[in-house]
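Chain and residue survey
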Amino acid sequence: MDKVMLRCFVSRCLLTNPVAGQTRKMSRGSLAGSQSSLAGKVAIVTASTDGIGLAAAQALGQRGAHVVVSSRRQSNVDKAVALLQSEKIQVTGTTCNVGKSEDRERLVNMTVEHCGGIDILVSNAAVNPFFGNIMDSTAAVWDKILDVNVKAAFLMTQLVVPHMEKRGGGSVVFVSSVAGYQPMQALGPYSVSKTALLGLTRALAPELAQSHIRVNCVAPGVIKTRFSQALWQDEDIVDEFKKQLSIKRVGEPEEIGGVIAFLCSKDASYITGETITVTGGMSCRL
Ligand SMILES: NC(=O)c1ccc[n+]([C@@H]2O[C@H](COP(=O)([O-])OP(=O)(O)OC[C@H]3O[C@@H](n4cnc5c(N)ncnc54)[C@H](O)[C@@H]3O)[C@@H](O)[C@H]2O)c1
(Lines give C-alpha, C1' and ligand atoms only; values in the text may rest on other atoms or scores of the structure.)
Protein backbone atom coordinates (compact mmCIF):
# COMPACT_ATOMS: atom_id res chain seq x y z
CA MET A 1 0.00 0.00 0.00
CA ASP A 2 1.58 3.38 -0.98
CA LYS A 3 1.67 6.34 1.43
CA VAL A 4 -1.31 8.21 -0.12
CA MET A 5 -3.51 5.10 0.04
CA LEU A 6 -2.38 4.43 3.59
CA ARG A 7 -3.26 7.99 4.66
CA CYS A 8 -6.71 7.68 3.00
CA PHE A 9 -7.32 4.38 4.77
CA VAL A 10 -6.32 5.75 8.17
CA SER A 11 -8.37 8.95 7.86
CA ARG A 12 -11.40 6.91 6.73
CA CYS A 13 -11.07 4.69 9.80
CA LEU A 14 -10.83 7.74 12.06
CA LEU A 15 -13.84 9.41 10.44
CA THR A 16 -16.08 6.39 10.61
CA ASN A 17 -14.87 5.16 13.95
CA PRO A 18 -14.42 7.80 16.66
CA VAL A 19 -13.15 5.06 19.00
CA ALA A 20 -10.08 4.60 16.82
CA GLY A 21 -9.57 8.38 16.78
CA GLN A 22 -9.64 8.66 20.55
CA THR A 23 -6.32 9.88 21.95
CA ARG A 24 -7.05 9.77 25.66
CA LYS A 25 -4.05 8.75 27.74
CA MET A 26 -4.57 5.77 30.01
CA SER A 27 -2.60 5.43 33.22
CA ARG A 28 -0.62 2.21 33.51
CA GLY A 29 -1.30 0.78 36.91
CA SER A 30 -0.36 -2.72 38.03
CA LEU A 31 -2.19 -5.54 36.29
CA ALA A 32 -3.47 -7.03 39.53
CA GLY A 33 -6.21 -5.88 41.95
CA SER A 34 -6.19 -2.14 41.29
CA GLN A 35 -7.30 -2.43 37.64
CA SER A 36 -10.48 -4.23 38.59
CA SER A 37 -11.20 -1.95 41.56
CA LEU A 38 -14.31 0.21 41.29
CA ALA A 39 -13.69 2.19 44.49
CA GLY A 40 -15.26 5.64 44.28
CA LYS A 41 -17.54 4.68 41.39
CA VAL A 42 -21.33 4.97 41.50
CA ALA A 43 -23.31 2.29 39.67
CA ILE A 44 -27.01 2.14 38.78
CA VAL A 45 -28.26 -1.40 38.10
CA THR A 46 -31.88 -1.69 36.97
CA ALA A 47 -34.05 -4.62 38.12
CA SER A 48 -31.39 -5.50 40.68
CA THR A 49 -33.26 -7.07 43.58
CA ASP A 50 -33.00 -10.64 42.26
CA GLY A 51 -31.28 -12.81 39.66
CA ILE A 52 -28.62 -11.41 37.34
CA GLY A 53 -29.26 -7.79 38.37
CA LEU A 54 -28.65 -8.58 42.04
CA ALA A 55 -25.53 -10.59 41.13
CA ALA A 56 -24.27 -7.63 39.09
CA ALA A 57 -24.89 -5.27 42.03
CA GLN A 58 -22.98 -7.67 44.32
CA ALA A 59 -20.05 -7.99 41.90
CA LEU A 60 -19.81 -4.21 41.43
CA GLY A 61 -20.17 -3.61 45.19
CA GLN A 62 -17.54 -6.22 46.08
CA ARG A 63 -15.12 -4.26 43.86
CA GLY A 64 -15.82 -1.07 45.84
CA ALA A 65 -18.58 0.67 43.85
CA HIS A 66 -21.54 2.31 45.57
CA VAL A 67 -24.49 0.51 43.99
CA VAL A 68 -27.97 1.89 43.49
CA VAL A 69 -30.41 -1.00 43.35
CA SER A 70 -33.98 -0.76 42.14
CA SER A 71 -37.01 -2.71 41.07
CA ARG A 72 -40.74 -2.12 40.92
CA ARG A 73 -41.64 -3.27 44.46
CA GLN A 74 -40.47 -1.49 47.62
CA SER A 75 -40.44 -4.75 49.61
CA ASN A 76 -37.99 -6.32 47.12
CA VAL A 77 -35.82 -3.21 47.22
CA ASP A 78 -35.74 -3.32 51.04
CA LYS A 79 -34.72 -7.00 50.99
CA ALA A 80 -31.91 -6.44 48.48
CA VAL A 81 -30.60 -3.39 50.35
CA ALA A 82 -30.51 -5.38 53.62
CA LEU A 83 -28.70 -8.27 51.91
CA LEU A 84 -26.07 -6.04 50.29
CA GLN A 85 -25.55 -4.10 53.54
CA SER A 86 -24.98 -7.40 55.33
CA GLU A 87 -22.25 -8.07 52.76
CA LYS A 88 -20.64 -4.68 53.61
CA ILE A 89 -21.52 -3.25 50.21
CA GLN A 90 -22.27 0.49 49.91
CA VAL A 91 -25.83 0.58 48.65
CA THR A 92 -28.83 2.85 48.08
CA GLY A 93 -32.22 1.54 46.98
CA THR A 94 -35.36 2.91 45.39
CA THR A 95 -38.32 1.69 43.37
CA CYS A 96 -38.17 2.14 39.60
CA ASN A 97 -40.36 0.89 36.79
CA VAL A 98 -38.00 1.49 33.84
CA GLY A 99 -40.97 1.73 31.49
CA LYS A 100 -42.08 5.00 33.18
CA SER A 101 -40.24 8.22 32.38
CA GLU A 102 -40.95 9.76 35.81
CA ASP A 103 -39.44 6.67 37.51
CA ARG A 104 -36.33 6.75 35.31
CA GLU A 105 -35.82 10.44 36.06
CA ARG A 106 -36.37 9.94 39.80
CA LEU A 107 -33.80 7.09 39.86
CA VAL A 108 -31.17 9.20 38.13
CA ASN A 109 -31.87 12.37 40.16
CA MET A 110 -31.88 10.44 43.43
CA THR A 111 -28.55 8.80 42.55
CA VAL A 112 -26.91 12.13 41.76
CA GLU A 113 -28.28 13.73 44.94
CA HIS A 114 -27.31 10.84 47.23
CA CYS A 115 -24.09 9.67 45.62
CA GLY A 116 -22.74 12.80 43.87
CA GLY A 117 -22.72 11.45 40.32
CA ILE A 118 -22.97 8.39 38.07
CA ASP A 119 -20.15 6.32 36.54
CA ILE A 120 -21.83 3.04 35.62
CA LEU A 121 -25.21 1.96 34.22
CA VAL A 122 -26.19 -1.69 33.99
CA SER A 123 -29.46 -1.93 32.07
CA ASN A 124 -30.82 -5.30 33.11
CA ALA A 125 -34.62 -5.06 33.33
CA ALA A 126 -36.59 -7.16 30.87
CA VAL A 127 -40.04 -8.63 30.36
CA ASN A 128 -41.46 -11.43 28.33
CA PRO A 129 -45.27 -11.38 28.40
CA PHE A 130 -45.67 -13.75 25.40
CA PHE A 131 -44.99 -17.42 24.61
CA GLY A 132 -46.12 -18.83 21.27
CA ASN A 133 -45.89 -18.47 17.53
CA ILE A 134 -44.54 -15.06 16.62
CA MET A 135 -47.36 -14.66 14.08
CA ASP A 136 -49.84 -14.72 16.97
CA SER A 137 -48.16 -11.87 18.86
CA THR A 138 -50.14 -8.63 19.17
CA ALA A 139 -49.24 -4.97 18.93
CA ALA A 140 -49.65 -4.72 22.72
CA VAL A 141 -47.08 -7.50 23.24
CA TRP A 142 -44.57 -5.76 20.96
CA ASP A 143 -45.17 -2.38 22.64
CA LYS A 144 -44.55 -3.82 26.12
CA ILE A 145 -41.45 -5.82 25.13
CA LEU A 146 -39.83 -3.07 23.10
CA ASP A 147 -40.70 -0.37 25.68
CA VAL A 148 -39.08 -2.20 28.60
CA ASN A 149 -36.34 -4.25 26.94
CA VAL A 150 -35.08 -1.78 24.34
CA LYS A 151 -36.49 1.75 24.61
CA ALA A 152 -35.99 1.99 28.38
CA ALA A 153 -32.38 0.77 27.98
CA PHE A 154 -31.73 3.61 25.53
CA LEU A 155 -33.67 6.23 27.50
CA MET A 156 -31.82 5.33 30.72
CA THR A 157 -28.54 5.72 28.83
CA GLN A 158 -29.63 9.10 27.50
CA LEU A 159 -30.41 10.24 31.05
CA VAL A 160 -27.12 9.10 32.63
CA VAL A 161 -24.72 10.25 29.89
CA PRO A 162 -24.62 13.95 30.94
CA HIS A 163 -23.76 12.85 34.49
CA MET A 164 -21.04 10.48 33.25
CA GLU A 165 -19.63 13.30 31.12
CA LYS A 166 -19.36 15.47 34.25
CA ARG A 167 -17.20 12.69 35.79
CA GLY A 168 -14.99 12.48 32.68
CA GLY A 169 -16.39 9.18 31.41
CA GLY A 170 -18.25 6.04 32.33
CA SER A 171 -19.44 2.61 31.35
CA VAL A 172 -22.79 1.28 30.15
CA VAL A 173 -23.61 -2.43 30.01
CA PHE A 174 -26.78 -3.84 28.44
CA VAL A 175 -28.03 -7.31 29.29
CA SER A 176 -29.04 -9.10 26.10
CA SER A 177 -29.38 -12.89 25.68
CA VAL A 178 -28.24 -15.84 23.63
CA ALA A 179 -31.77 -15.55 22.20
CA GLY A 180 -30.59 -12.31 20.59
CA TYR A 181 -28.33 -14.41 18.36
CA GLN A 182 -30.62 -17.36 17.76
CA PRO A 183 -34.33 -16.66 18.40
CA MET A 184 -35.74 -19.17 20.88
CA GLN A 185 -38.80 -21.12 19.85
CA ALA A 186 -41.95 -19.52 21.34
CA LEU A 187 -39.96 -16.44 22.43
CA GLY A 188 -39.91 -14.57 19.12
CA PRO A 189 -40.65 -10.96 20.16
CA TYR A 190 -38.42 -11.27 23.27
CA SER A 191 -35.59 -12.66 21.13
CA VAL A 192 -35.93 -9.80 18.64
CA SER A 193 -35.74 -7.26 21.50
CA LYS A 194 -32.49 -8.89 22.64
CA THR A 195 -31.07 -8.70 19.08
CA ALA A 196 -31.93 -4.99 19.13
CA LEU A 197 -29.67 -4.53 22.17
CA LEU A 198 -26.71 -5.90 20.20
CA GLY A 199 -27.40 -3.19 17.63
CA LEU A 200 -27.95 -0.50 20.27
CA THR A 201 -24.54 -1.35 21.77
CA ARG A 202 -22.83 -0.91 18.42
CA ALA A 203 -24.77 2.25 17.55
CA LEU A 204 -23.97 4.01 20.84
CA ALA A 205 -20.33 2.99 21.31
CA PRO A 206 -18.67 5.19 18.64
CA GLU A 207 -20.78 8.22 19.55
CA LEU A 208 -20.15 7.97 23.30
CA ALA A 209 -16.45 7.14 22.97
CA GLN A 210 -15.95 10.87 22.39
CA SER A 211 -17.12 11.35 26.00
CA HIS A 212 -14.93 8.47 27.22
CA ILE A 213 -18.02 6.37 27.87
CA ARG A 214 -17.72 2.70 26.90
CA VAL A 215 -20.86 0.79 25.88
CA ASN A 216 -20.86 -2.99 26.01
CA CYS A 217 -23.29 -5.84 26.35
CA VAL A 218 -23.46 -9.32 27.86
CA ALA A 219 -25.51 -12.10 26.30
CA PRO A 220 -26.18 -14.80 28.89
CA GLY A 221 -27.16 -18.34 28.00
CA VAL A 222 -29.52 -20.22 30.32
CA ILE A 223 -28.92 -18.90 33.84
CA LYS A 224 -30.62 -20.17 36.96
CA THR A 225 -33.05 -17.34 37.85
CA ARG A 226 -36.79 -16.90 38.29
CA PHE A 227 -37.05 -15.52 34.75
CA SER A 228 -35.88 -18.77 33.18
CA GLN A 229 -37.26 -21.31 35.65
CA ALA A 230 -39.63 -22.77 33.02
CA LEU A 231 -36.47 -23.80 31.14
CA TRP A 232 -34.18 -25.10 33.89
CA GLN A 233 -36.87 -26.78 35.99
CA ASP A 234 -37.81 -29.07 33.11
CA GLU A 235 -35.26 -31.90 32.89
CA ASP A 236 -36.08 -32.71 29.27
CA ILE A 237 -35.50 -29.11 28.21
CA VAL A 238 -32.25 -28.95 30.22
CA ASP A 239 -31.04 -32.19 28.59
CA GLU A 240 -31.81 -30.73 25.17
CA PHE A 241 -29.90 -27.54 26.06
CA LYS A 242 -26.94 -29.49 27.40
CA LYS A 243 -26.43 -31.02 23.94
CA GLN A 244 -25.62 -27.50 22.70
CA LEU A 245 -23.31 -26.66 25.64
CA SER A 246 -19.60 -27.33 26.15
CA ILE A 247 -20.00 -26.81 29.91
CA LYS A 248 -22.80 -29.25 30.68
CA ARG A 249 -24.78 -27.26 33.24
CA VAL A 250 -27.02 -24.21 33.58
CA GLY A 251 -25.16 -21.00 34.53
CA GLU A 252 -25.36 -19.14 37.85
CA PRO A 253 -26.20 -15.41 38.14
CA GLU A 254 -22.75 -14.74 39.69
CA GLU A 255 -21.15 -15.95 36.47
CA ILE A 256 -22.82 -13.06 34.65
CA GLY A 257 -22.32 -10.51 37.47
CA GLY A 258 -18.54 -10.96 37.34
CA VAL A 259 -18.41 -10.39 33.58
CA ILE A 260 -20.52 -7.22 33.95
CA ALA A 261 -18.16 -5.93 36.67
CA PHE A 262 -15.17 -6.73 34.43
CA LEU A 263 -16.71 -4.71 31.58
CA CYS A 264 -17.15 -1.74 33.96
CA SER A 265 -13.57 -1.93 35.24
CA LYS A 266 -10.26 -0.57 33.97
CA ASP A 267 -9.39 -4.10 32.92
CA ALA A 268 -11.82 -3.48 30.06
CA SER A 269 -10.62 0.07 29.28
CA TYR A 270 -10.05 -0.75 25.58
CA ILE A 271 -13.32 -2.63 25.07
CA THR A 272 -16.34 -0.86 23.62
CA GLY A 273 -19.18 -1.76 21.26
CA GLU A 274 -18.75 -5.46 22.13
CA THR A 275 -21.07 -8.18 23.33
CA ILE A 276 -19.60 -10.93 25.50
CA THR A 277 -21.56 -14.16 25.26
CA VAL A 278 -21.60 -16.07 28.56
CA THR A 279 -23.30 -19.30 27.59
CA GLY A 280 -21.23 -22.29 28.67
CA GLY A 281 -20.05 -22.66 25.09
CA MET A 282 -23.29 -22.42 23.10
CA SER A 283 -22.57 -21.33 19.55
CA CYS A 284 -23.67 -17.70 19.03
CA ARG A 285 -23.62 -16.28 15.52
CA LEU A 286 -25.79 -13.65 13.89
N1 LIG B 1 -32.03 -16.14 33.26
C2 LIG B 1 -31.66 -16.38 32.03
O3 LIG B 1 -31.53 -17.54 31.60
C4 LIG B 1 -31.38 -15.24 31.10
C5 LIG B 1 -30.78 -15.54 29.88
C6 LIG B 1 -30.49 -14.51 29.01
C7 LIG B 1 -30.77 -13.21 29.36
N8 LIG B 1 -31.36 -12.93 30.54
C9 LIG B 1 -31.63 -11.53 30.85
O10 LIG B 1 -31.09 -11.22 32.11
C11 LIG B 1 -31.79 -10.11 32.65
C12 LIG B 1 -32.17 -10.41 34.08
O13 LIG B 1 -33.04 -11.52 34.11
P14 LIG B 1 -32.95 -12.63 35.26
O15 LIG B 1 -32.76 -13.91 34.59
O16 LIG B 1 -32.02 -12.19 36.32
O17 LIG B 1 -34.44 -12.70 35.80
P18 LIG B 1 -35.20 -11.80 36.85
O19 LIG B 1 -36.62 -12.18 36.72
O20 LIG B 1 -34.57 -11.89 38.18
O21 LIG B 1 -34.90 -10.34 36.27
C22 LIG B 1 -35.74 -9.63 35.41
C23 LIG B 1 -36.20 -8.48 36.24
O24 LIG B 1 -36.71 -7.43 35.45
C25 LIG B 1 -37.71 -6.85 36.26
N26 LIG B 1 -38.57 -5.98 35.46
C27 LIG B 1 -39.45 -6.34 34.52
N28 LIG B 1 -40.07 -5.25 34.04
C29 LIG B 1 -39.56 -4.20 34.72
C30 LIG B 1 -39.79 -2.82 34.67
N31 LIG B 1 -40.70 -2.29 33.84
N32 LIG B 1 -39.09 -2.02 35.48
C33 LIG B 1 -38.18 -2.53 36.33
N34 LIG B 1 -37.91 -3.84 36.43
C35 LIG B 1 -38.60 -4.66 35.62
C36 LIG B 1 -38.46 -8.02 36.86
O37 LIG B 1 -39.20 -7.64 37.97
C38 LIG B 1 -37.30 -8.91 37.22
O39 LIG B 1 -36.83 -8.64 38.53
C40 LIG B 1 -32.98 -9.86 31.73
O41 LIG B 1 -32.64 -8.80 30.86
C42 LIG B 1 -33.10 -11.15 30.95
O43 LIG B 1 -33.67 -10.96 29.69
C44 LIG B 1 -31.68 -13.92 31.43
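The following paragraphs examine the structure supplied in this document. (Residues numbered from 1 in each chain as written. Predicted model: local features only at pLDDT ≥ 70, side-chain atom pairs only at ≥ 80, totals over all residues. Heavy atoms only, no water.)

**Notes on the overall build of the protein**
For clarity, the threshold we go by: Helix numbering and strand numbering both begin at the N terminus, where a helix is a DSSP run of H or I of at least 4 residues and a strand a DSSP run of E of at least 2. Each residue is assigned to one of three classes by its accessible area relative to the maximum for its type, calculated with a 1.4 Å probe on protein chains only: buried under 20%, partly exposed between the two thresholds, exposed over 50%. Whether two residues are in contact is decided by their heavy atoms: any pair within 4.5 Å suffices. We get accessible surface area from the Shrake-Rupley algorithm with a probe of 1.4 Å; when it comes to residues, only the shown protein chains can shield them.
Counting secondary structure elements, the protein contains 10 helices and 7 strands. The burial tally for the protein puts 47% of its 286 residues in the buried class. Excluding contacts between residues fewer than 6 apart, the proportion of contacts in the protein whose partners are at least 24 apart in sequence is 72%. As displayed, the protein has an accessible area near 14900 Å², and 53% of this comes from carbon and sulfur atoms.

**Brief notes about a nonpolar patch on the surface**
Rules: In this analysis, a patch consists of residues with relative accessible area above 30% that form no salt bridge, clustered at 9 Å for like charges and at 5 Å for the nonpolar side chains Val, Leu, Ile, Met, Phe, Trp and Tyr. Within this document, salt bridges are pairs made up of a side-chain nitrogen of Lys or Arg and a carboxyl oxygen of Asp or Glu, the two lying within 4 Å of each other.
Together, Ile134, Met135 and Val192 make up a nonpolar patch on the protein surface, roughly 310 Å² of accessible area in all. For Met135, the position within the fold is in the loop between β4 (120-123) and α6 (139-166). What makes Met135 exposed here is its relative accessible area of 75%.

**Concerning the environment of Ile120**
Among the structural elements, Ile120 can be located in strand β4. The buried category is assigned to Ile120, whose relative accessible area is 1%. Measuring from C-alpha to C-alpha, the distance between Ile120 and Val161 comes to 9.6 Å, with 41 residues separating the pair along the chain. When near neighbours in sequence (up to four residues on either side) are disregarded, Ile120 contacts Leu38, Lys41, Val42, Ala43, Ile44, Leu60, Met164, Ser171 and Cys264.

**Notes on helix α4 (residues 74-86)**
Put simply, the rule reads: What a helix is expected to span follows from its residue count: subtract one and scale by 1.5 Å. By construction, the arc corresponds to the directions joining the helix axis to the C-beta atoms.
Between its terminal C-alpha atoms α4 stretches 18 Å, which fits the 18 Å expected from 13 residues at 1.5 Å a residue. Residues of α4 that are buried: Val77, Ala80, Val81 and Leu84. Buried residues in α4, looked at end-on, bunch into an arc of 100 degrees, giving them a common side. Exposed residues pointing more than 90 degrees away from the buried face of α4 are listed as Lys79 and Ser86. Once α4 finishes, Lys88 follows within two positions and takes phi at roughly 65 degrees, a positive value.

**Remarks on the site of the ligand**
Inclusion rule: Only a single heavy atom is needed: when it lies within 4 Å of a molecule or strand, its residue is near that molecule or strand. Two N or O atoms form a polar contact when they lie within 3.5 Å of each other; inside protein one atom must be a possible hydrogen donor and the other a possible acceptor, and for residues adjacent in sequence the pair counts only when both atoms belong to side chains. Gly counts as polar in this scheme, as do all residues outside two lists: the nonpolar Ala, Val, Leu, Ile, Met, Phe, Trp, Tyr, Cys and Pro, and the charged Asp, Glu, Lys and Arg.
If you check the shell around the ligand, you find 27 residues, and the closest are Ile52, Asn97, Asn124, Tyr190 and Thr225. Within the side chain of Lys194, an N or O atom sits 2.9 Å from an oxygen atom of the ligand. Between the ligand and the protein, one listed contact pairs a nitrogen atom with a side-chain N or O atom of Ser228 at 3.3 Å. Among the secondary structure elements, those contributing two or more residues to the shell around the ligand are α3 (51-62) and α7 (188-209). Class assignment of the residues belonging to the shell around the ligand gives a composition of 14 nonpolar, 9 polar and 4 charged.

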